[in-house]
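Each chain, letter by letter, is given below.
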Amino acid sequence: MNVTGGQPAPPKAQDSKLARWLVVAVLCAILVAACVLGYLGWTSTDTSVPASGYVALVLGVVFSLVVGVGLMALVFYSSRKGYDEPVVLIREPESDPDDGHSGPR
């Protein structure tokens, strides 16, 4: 690591490109391995799935999609309505000494 004036030197553009391609290559290798393992797991047995298994699979997928779409809708709704804004302290107006109260009501 190069250090100039106590600060580390920024990485070179060549190093950044190499790191990106390395990450892409590793992720592609993981994807290929997952696909191969999925295929081997799917075809390694000759048992059949009953109709209730397919019904459960479809219901699970539909339920997952409904939950995902619902949560994303809530994220967009709260963003549009301003619920995601940072908290701002709104101070109470100071009481008037003429009204006979010394503090907040």
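Cut-offs used in this document
- Residues numbered from 1 in each chain as written.
- Predicted model: local features only at pLDDT ≥ 70, side-chain atom pairs only at ≥ 80, totals over all residues.
- Heavy atoms only, no water.
- Helix = DSSP H or I, 4+ residues; strand = E, 2+ residues; numbered from the N terminus.
- Buried < 20%, exposed > 50% of the residue type's maximum accessible area, 1.4 Å probe, protein only.
- Areas by Shrake-Rupley, 256 points an atom, 1.4 Å probe, with all protein chains shown as cover.
- Patch = residues over 30% accessible without salt bridge, like charges linked within 9 Å, V, L, I, M, F, W, Y side chains within 5 Å.
- Salt bridge = Lys/Arg side-chain N within 4 Å of Asp/Glu carboxyl O.
- Expected span 1.5 Å × (residues − 1).
- pLDDT = per-residue confidence, 0-100.
- Polar contact = N/O pair within 3.5 Å; in protein donor to acceptor, adjacent residues only side chain to side chain.
- Contact = heavy atoms within 4.5 Å.

### Description of the overall build of the chain
Point 1. When you go through the chain residue by residue, the secondary structure sums to two helices and two strands.
Point 2. Listing every helix and strand of the chain by position from the N terminus yields β-β-α-α.
Point 3. Out of the 105 residues in the chain, the part that is buried amounts to 1%.
Point 4. When the accessible surface of the chain is split by element, carbon and sulfur atoms take 68% of a total near 10,300 Å².

### Quick look at a nonpolar patch on the surface
Point 1. Residues Leu22, Val23, Val26, Leu27 and Ile30 make up a contiguous nonpolar surface patch of roughly 480 Å² in combined accessible area.
Point 2. Note on placement: valine 26 falls in helix α1 (residues 13-43).
Point 3. Assessed through its relative accessible area of 43%, valine 26 is described here as partly exposed.

### Considering helix α2 (residues 51-81)
Point 1. Here α2 contains 31 residues, and its C-alpha end-to-end distance of 45 Å stays within 8% of the 45 Å for a straight helix at 1.5 Å per residue.
Point 2. At the exit of α2 stands glycine 82, carrying a positive phi of roughly 85 degrees.

### Focus on the confidence of the model for the chain
Point 1. Of the residues in the chain, 81% reach a pLDDT of 70 or more, and the chain-wide mean stands at 85.
Point 2. Predicted confidence in the chain is weakest over strand β1 (residues 3-4), with a mean pLDDT of 58, and strongest over α2, with 95.

### Brief notes about the side chain of serine 78
Point 1. For serine 78, the position within the fold is in helix α2.
Point 2. On the basis of relative accessible area, serine 78 is assigned to the buried category, the value being 17%.
Point 3. Only 3.4 Å separates the side chain of serine 78 from the backbone oxygen of valine 75, close enough to count as a polar contact.
Point 4. When neighbours within four sequence positions are excluded, serine 78 is seen to be in contact with Tyr83 and Asp84.

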